[in-house]
Amino acid sequence: MPSESTVLRCGNCGANLSPVPGQNVVQCDYCAQATYLTQTVMNMPGVGREQPATSRDSDLHARMMEGPTARPAKGRGRRLTTRDGSREVLCPVERAIWPKHATASTTYGGSWSPSAMVGPPKVFPRYGDIGGAWAPSSSNSRVEWVCVEYDSTQAVTGLRVYETYNSGRVYAVVDQTDGEELVYYGEVSPKSESCALDVTFDAPRVVRKLRVYLTNTSGYTEIDTVALLARDPLPLEQRPYIPPPTKELSVGGAMWAFALVIVGLVVGVVVAVRGCNGSGESSQQYAVPTSTLPGTTILMGTEPLSEIQRRGPRWASSVVDFSSEYTSDGNSAQRATGAPDVYPTAGDLPNAWATRLADGGIQHITLRYAEPVLTTAVFWLETYNPGAVVRVDDVSDPAQVVTLFSGIEPTRGVTGAAAVEVRLPEPRSIHTVRLYLDTNAVTGWNEIDAVALIP
């Protein structure tokens, strides 16, 4: 069963929360989302926010609260798992619209509060009793529901409910945008893996509010989030970054982790002995490049931001992957996207990307740009302990990785902020780059504010 979370974070933005003694709910200072701290029964229909609009609506709710029965199926729905596609396919960033507000019939609280359902998935496709997905207050209640709201006028063709523990128990979805309309009713199909209930509408519609009904017997049923699927691709600015699944362990996972730690200690001793004659390189390896571009040069400077902007830099628009980040908020990988917001200031500041550990061996970040750029130079800004970048790759074609630079930065040993560029021998079309850092080479956290392609 869930245990009360010892680290209180907002389920929406990930910020740390500061509970007030004697209060069962804490509001995030950054996004105003409410997080419940302990088991709570909230807003049952007929009281306050969730009161049905008409007697007809009340009748529909009463029927849904009977649980899954023999009534005819409605709507087209199927459950997708990782066997049906990758996480990127199951959580399509170009079409998914994520909730802006969430409530539920009850909640366990802490990391299992309804606020966990706001925004993109935080647990999926992981499976287990893991903080970051909503859980009800009881492990054995006949029916529960969650209600999610959206700030969008996009026409949508369907939805996906991400179930991450005791999956397959969602049986009904009601569109509450204008009154109440049952859009899906189907069988319960218990599974021991995470799944996404994919519901397709008969025709595109605008949805602003949904209520999802589920059974909750013989163990907690946990819901990560509920996505709407837009008919048309979303504009880039409306496509939020989807972070990697939370590393918070399930209860069972913690027991396995303890066992693995013991095994790891034994293996570590063996590796350490064998490594005495080795190079001492980090266990995190570089991707093998297809080729290396000859004739590139690396330069450093401290030019003003206004001078940099005159060169027409194209700043990264999204993060493809990264080896680690300090947190999912301050010093996250996402902080390396967009125009610089630290440079020319230097220091350990939250608006630049930093790795989880200060001296954690070889680390990397991969950044994508809104469109391919005919590039003359790859340019980045380092704002704390510069000099750790040891390789820059063009990964526009993952099957044909080209190394643009490999070696020691000229900024190594420099104090303060630094601007670095790898100048190419001739223009090259690039839309994705990867930077590798040897974080052991420069003591302390090595922070990168922004990375640009220069036309």
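Structure shown above.
Residues numbered from 1 in each chain as written. Predicted model: local features only at pLDDT ≥ 70, side-chain atom pairs only at ≥ 80, totals over all residues. Heavy atoms only, no water.

**So, the overall build of the protein chain**
What the protein chain contains, in helices and strands, is four helices and 23 strands. Considering only contacts in the protein chain between residues 6 or more positions apart, those separated by 24 or more positions represent 80%. About 20600 Å² of surface is accessible on the protein chain, with carbon and sulfur atoms providing 53% of the total. (Helix = DSSP H or I, 4+ residues; strand = E, 2+ residues; numbered from the N terminus. Contact = heavy atoms within 4.5 Å. Areas by Shrake-Rupley, 256 points an atom, 1.4 Å probe, with all protein chains shown as cover.)

**Side note on the packing of aromatic side chains**
Under the definition given, this model contains eight aromatic pairs. In this structure, Arg205 packs its charged tip against the face of Phe201, placed 5.2 Å from the ring centre. Here the basic side chain of Arg211 rests over the ring of Trp145, its NZ or CZ set 4.7 Å away from the ring centre. (Phe/Tyr/Trp six-rings, centres within 6.5 Å; stacked < 30°, edge-to-face > 60°. Lys NZ or Arg CZ within 6 Å of the ring centre and 35° of its normal.)

**Digging into the pairing of strand 13 (residues 209-216)**
Looking along a regular strand, one sees side chains alternate from face to face of the sheet. The element strand 13 is largely enclosed, with a buried count of eight among its eight residues. Going residue by residue along strand 13, you find Lys209, Arg211, Tyr213 and Thr215 tucked away on one face and Leu210, Val212, Leu214 and Asn216 tucked away on the opposite face as well. Relative to strand 13, strand 8 (residues 141-149) runs antiparallel, the two being bridged by eight bridges. Following the sheet pairing, Val143 is matched in strand 13 by Thr215. Relative to strand 13, strand 10 (residues 170-175) runs antiparallel, the two being bridged by five bridges. Within strand 13, the position partnered with Val170 by the bridge is Leu214. (Buried < 20%, exposed > 50% of the residue type's maximum accessible area, 1.4 Å probe, protein only. Pairing = 2+ DSSP bridges.)

**Quick word on unusual backbone geometry**
Following Phe124, the chain continues to Pro125 via a peptide bond in cis, the omega torsion being 10 degrees. Summarising the element assignment, Pro125 is placed in the loop between strand 7 (106-107) and strand 8. The linkage connecting Tyr343 with the following residue, Pro344, adopts the cis geometry, with an omega of 10 degrees. Mapped onto the elements of the fold, Pro344 is located in the loop between strand 18 (318-322) and strand 19 (362-384).

**A few points about the environment of Ser332**
Residue position: Ser332 is located in the loop between strand 18 and strand 19. Taking relative accessible area as the criterion, Ser332 reaches 5% and is therefore assigned buried. The sequence separation of Ser332 and Pro350 amounts to 18 residues, and the corresponding C-alpha distance is 8.0 Å. Not counting the four nearest positions on each side in its chain, Ser332 is found in contact with Glu325, Thr327 and Trp353.

**Concerning the pattern of salt bridges**
Taken as a whole and assessed by the stated rule, the structure comprises 15 salt bridges. A salt bridge links Glu307 to Arg310, with the shortest nitrogen-to-oxygen separation between them at 2.6 Å. Residue classification places Glu307 among the partly exposed positions, given a relative accessible area of 37%. In this structure, a network of salt bridges that share partners links the residues Asp175, Glu181 and Arg205. (Salt bridge = Lys/Arg side-chain N within 4 Å of Asp/Glu carboxyl O.)

**A word on the sheet that holds strand 8**
Overall, antiparallel pairing links the five strands, which are arranged 6-8-13-10-11 in an open sheet. Where the open sheet ends on each side, the last strands, each with one partner, are strand 6 (101-104) and strand 11 (181-185). The average undirected angle you get between the axes of adjacent strands in this sheet is 20 degrees. (Axes fitted to C-alpha atoms, helices over the stretch in contact; angles between N-to-C directions.)

**Considering the sheet that holds strand 5 (residues 96-97)**
Taken together, five strands build an open sheet; the order of strands is 4-12-9-14-5 and the sheet is antiparallel. Strands at the two margins of the open sheet, each flanked by one partner only, are strand 4 (76-80) and strand 5. Of the pairings in the sheet, the one linking strand 9 (residues 155-165) to strand 12 (residues 195-206) comprises eight bridges and is antiparallel in character. Opposite Gly158, over in strand 12, you have Thr200 as the bridge partner.

**Considering the nonpolar core**
Most often, soluble globular proteins have nonpolar side chains that are buried together. If you look at the biggest cluster of nonpolar residues, it comprises 30 residues, and the most contacted ones within it are Ile365, Val378, Trp380, Val392, Leu404, Leu435 and Val451. Among the secondary structure elements, those contributing two or more residues to this core are strand 18, strand 19, strand 20 (389-394), strand 21 (402-406), strand 22 (418-438) and strand 23 (447-454). When residues in this core are grouped by element, the largest group, seven residues, is from strand 22. (Core = buried A, V, L, I, M, F, W, Y, C linked by side-chain atoms within 4.5 Å.)

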